[in-house]
Amino acid sequence: MKKTNKVISIIILTLLLFNIITPVLAKDSKSQTIHLKNKADLMKFSKNCSFDKYSEGLEVFLDNDIDLEEEGFSPIPIFKGSFNGKGNTIKGLLIQAEGSSQGFFRYLEKEAIVKDIHLEGVVTPSGDRENIGGIVGYNKGLIEGSSFSGIVRGKNTVGGIVGFNSSTGMIKKSKFNGIGYGERKVGGIAGLNGGGIQDSLNSASINTTVEEEKIDIQNITTEDISFSKVFTDATDIGGIAGANTGLIKDSKNQGQIGYSHVGYNIGGVAGRQSGHINNCENHGEILGRKDVGGIVGQMEPYVDMQMAPSKLRQLRKELNGLQGSISKMINKIRLVSNIMDENLLKIQKDIEKGMDRIKDLMDYSGEIGDLDLKDIFDLFPDDINIDDIDFDDIDWGDIEDLPDMGDLEGDYQKAREGLFDSIEDISTSFNDFIKVTKKESNIMIDEIEAMTNQLFTIMNIMFEIIEDVTTKEPEIEDIVKDTSRENIDKKIEGKVLNSKNHGNIEADLNVGGIAGAMSIDLELDPEDDIKLQGKFTANTIFESRAIVDKCENYGSIVGKKNHVGGIVGNMELGYIKDSLAYSDVKSISGNYVGGIGGKSLGPVDGCYSRTNLSGSNYIGGITGFGKEVLNSYSLIKVEMGRAYIGAIAGNKDVKSTIKGNYFVSDDLSGIDGISYRDMAEPISYEKLIAIKDIPSMFKDFRLDFWADNRLIDTRVFNYGEDLSKM
């Protein structure tokens, strides 16, 4: 009887387990399909997706509009299949879960596709609130033709569509409308974009309100100190992406971004950018405190950091030579002494280990600091034109996730220390060999002497490397190389191309029509910019690149203090090429105001400025203060200024390169009251408009009549015409 009961118990338990597991296992096979028709179907689907295997190969169709009635929705934990919204809408979405990576989907995997779904609701989780998005918290897959309308609020990495868009993530033809808010990395489409965003639109207001967080001064710790709390300021806020290290193409912002006099790195397209932005537009008003621009707030350079290869190559060459000498020696003395043979073989093994470490170091040198954007561009042919890139051409499945830079740097450190150990082993083994040789024989003294000299050469190189690593304090020009102007048409990373700003920009410091600043921020103090100094490990070399190419600004630019420009406010590095500004550029009480750059320490080449300028000191038609200004043209008016004023530059650096610049003006000279032949030279208006490919803005003039903030009339006129008769 007991045996029978035991068998029955096993059968019942099996049936129970089968009933529990079957609904999940039924979706394991390929090409399964389910249809969501109502709220109950959606809730059940969300629960089933807590098992990652459930959605593999699964096709989901949203057959109807669904109203969740703001009852609270548990986000879909993880999804690997295809979700087709069929153009239907899920409204009444309310997500208040605690934690990070929150949205309608929490995690969208690399193989996942979400398309044609529209969501309406509120996503305001509590707790850590990182990676918060209206549709997806953390995205590795494809989102296409979808939208979110409502409120998305988080702390860090917050986006209207996606919070964190990884290197494999792709967002196409998607829209956000409503309100977005966060402290760091907040964007209308994505908080952080490391993958691709194409043909998308933001109409939402992003960070247009200020939230103050109270801090208990009595119990404050270093972990509590955050500039977003102490200064009530946000950082990295953009109409499309808060921060961009990937690609943004053919996208537009129409919403207001930022709050007056508050926030750092605020941009119409991206708050902070080191990736690639192509053919994007901003039509919204952009407000902030520092580093504020119509397309990009702060244009941070794409940086390639690597150990100087010259000494590594030299070391490898010498080790190769020593290894070859030892191989010859082994053949010659093999008959003389087995002990000598063993010593030489040990030296040879030590050299092989050293060679492996050198290879590791050279590999890591190219990897450390390498951005995930490179993985994307490697999928295109070398000769492709960037304008021809379409994201449909990318096999996103071939791109790996973002590298764990912490682990990579640890491996680099181990390889470097291993190289030092290998050289030490070679030296020890070589000394043992010398001792044995003296006992065994006096043969081949010349060969041994040559090998000893080569070992000394190797040791000297090692000492130099060690000195570079531990004690050297290099000059800034020795370790940083700005490659922005090298092969500019083939460069993709660190570039803003073919983009236009039509919105008005207003901020305190570093304000520009395209970029507020081209620089690197000092992490601990957003009020300051980085000054590279001190000791750099591994004989570090930085190759930086920041390019603004073929961009246009038509919005008015107003700054309260220094560095206000029609294209870039403060250009500490990089390259501005073939860009034009047609706007009013004004500093209320500051210096360095320019039609193209407020202050430009990098090259400004082939640019055009038709602007009205106002400021205190250093006011110029192309740049307020410039170091390299080439082949540029201006037709400007200075409405207010005190000293250092010029139609091309207010003033120039003592080591400047100024040439091929021309201007039209009845009352201004080229640079600080002086015109220079072939450098900053006046020409007639007739000669200006006769120049080949001169922009039409130099030919078209109109006078607008406004009353009570309303345009009541427009009159077209010719340059030099008496306006009093109109």
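How each quantity is defined
- Residues numbered from 1 in each chain as written.
- Predicted model: local features only at pLDDT ≥ 70, side-chain atom pairs only at ≥ 80, totals over all residues.
- Heavy atoms only, no water.
- Helix = DSSP H or I, 4+ residues; strand = E, 2+ residues; numbered from the N terminus.
- Buried < 20%, exposed > 50% of the residue type's maximum accessible area, 1.4 Å probe, protein only.
- Contact = heavy atoms within 4.5 Å.
- Pairing = 2+ DSSP bridges.
- Core = buried A, V, L, I, M, F, W, Y, C linked by side-chain atoms within 4.5 Å.
- pLDDT = per-residue confidence, 0-100.
- Phe/Tyr/Trp six-rings, centres within 6.5 Å; stacked < 30°, edge-to-face > 60°.

Undergrad: Got a sec to walk through the overall build of the protein chain? Specific residues and values, please.
TA: Helix and strand counts for the protein chain stand at 10 helices and 63 strands. Residues counted as buried form 52% of the 726 residues belonging to the protein chain. A sequence separation of at least 24 residues applies to 80% of the contacts in the protein chain between residues at least 6 apart.

Undergrad: Describe the side chain of Asn 139, and please don't skip the residues or the numbers.
TA: Position of Asn 139 among the secondary structure elements: in strand 11 (residues 136-139). We classify Asn 139 as buried; its relative accessible area is 0%. Beyond its immediate stretch of four places on either side in the chain, Asn 139 contacts Leu 108, Val 162, Phe 164, Asn 165, Ser 166, Gly 169, Met 170 and Ile 171.

Undergrad: Summarise the sheet that holds strand 27 (residues 264-267); cite the residues concerned and give the values.
TA: Read from one edge to the other, the open sheet built from 11 strands follows the order 10-14-18-23-27-32-39-45-50-54-58, with strand pairing classed as parallel. Edge positions in the sheet fall to strand 10 (130-133) and strand 58 (643-646), since each has one partner strand and no second. Summarising the sheet, strand 23 (residues 235-238) and strand 27 pair through 3 bridges and their orientation is parallel. Bridged to Gly 238 within strand 27 is Gly 267.

Undergrad: Requested: an account of the pairing of strand 27, with residues and values cited.
TA: A regular strand places its side chains so that they alternate between the two faces of the sheet. The pairing of strand 27 with strand 32 (residues 290-293) spans 3 bridges and is parallel. If you follow Tyr 264 over to strand 32, its bridge partner there is Lys 290.

Undergrad: Describe unusual backbone geometry, with residues and values.
TA: The backbone phi angle of Arg 129 is positive, close to 55°, even though this residue is not glycine. In this fold, Arg 129 is placed in the loop between strand 9 (118-123) and strand 10. Positive phi, normally seen in glycine, also occurs at Tyr 592, with a value near 65°. With respect to the secondary-structure elements, Tyr 592 resides in the loop between strand 49 (584-587) and strand 50 (593-594).

Undergrad: Which residues make up the sheet that holds strand 38 (residues 505-507), and what are the values?
TA: Read from one edge of the open sheet, 6 strands run 31-38-44-49-53-57, paired in parallel fashion. Single-partner strands in this sheet number two, and they are strand 31 (286-287) and strand 57 (637-640). Pairing of strand 44 (residues 557-559) with strand 49, which is carried by 3 bridges, proceeds in the parallel orientation. Opposite Gly 559, over in strand 49, you have Ser 587 as the bridge partner.

Undergrad: Tell me about the nonpolar core, and please be specific about residues and values.
TA: One finds Phe 45, Phe 83, Phe 104, Phe 105 and Ile 576 to be the most contacted residues of the largest nonpolar core, which totals 95 residues. When sequence neighbours within four positions are dropped, the list of residues in contact with Phe 105 reads Ile 76, Phe 79, Phe 83, Val 114, Ile 135, Val 136 and Gly 137. Counting 11 residues, the second largest nonpolar core, distinct from the first, contains Leu 688, Ile 694, Met 697 and Phe 698.

Undergrad: Break down the confidence of the model for the protein chain for me, with residues and values.
TA: One rule of thumb: low pLDDT means the predicted coordinates there are not for detailed reading. In this model, the protein chain carries an average pLDDT of 78, and 64% of its residues clear a pLDDT of 70 or more. Ignoring residues within four places in sequence, the model shows residues 1-30, a span with pLDDT below 50, making 15 contacts including any to other chains. Counting interchain partners and residues more than four positions distant, the pLDDT-below-50 stretch residues 530-540 has 31 contacts.

Undergrad: An account of the pairing of strand 39 (residues 509-512) is needed here, citing residue identities and associated values.
TA: Note that strand 32 and strand 39 share 3 bridges and pair parallel. Bridging across to strand 39, Val 292 finds its partner in Val 511. Two strands pair when backbone bridges link them, and strand 39 and strand 45 (residues 564-565) are joined in this way by 2 bridges, in the parallel orientation. Paired with Gly 512 across the two strands is Gly 565, which belongs to strand 45.

Undergrad: Give me the packing of aromatic side chains: which residues, what numbers.
TA: All told, the structure shown has 20 aromatic pairs when counted by the stated rule. Centroid distance Phe 45 to Phe 83: 6.0 Å. Interplanar angle 50°. Geometry classified as tilted. Placement of the pair is Phe 45 in helix 2 (residues 39-48) and Phe 83 in strand 5 (residues 82-84), with a sequence separation of 38 residues. Like Phe 83, Phe 45 is buried. On the numbers, 6.2 Å between centres and 65° between planes, the contact of Tyr 608 with Phe 698 is edge-to-face. Taken together, the positions of Tyr 608 in strand 52 (residues 608-609) and Phe 698 in the loop between helix 10 (685-690) and strand 62 (701-707) put the pair 90 residues apart, joining distant regions of the chain.

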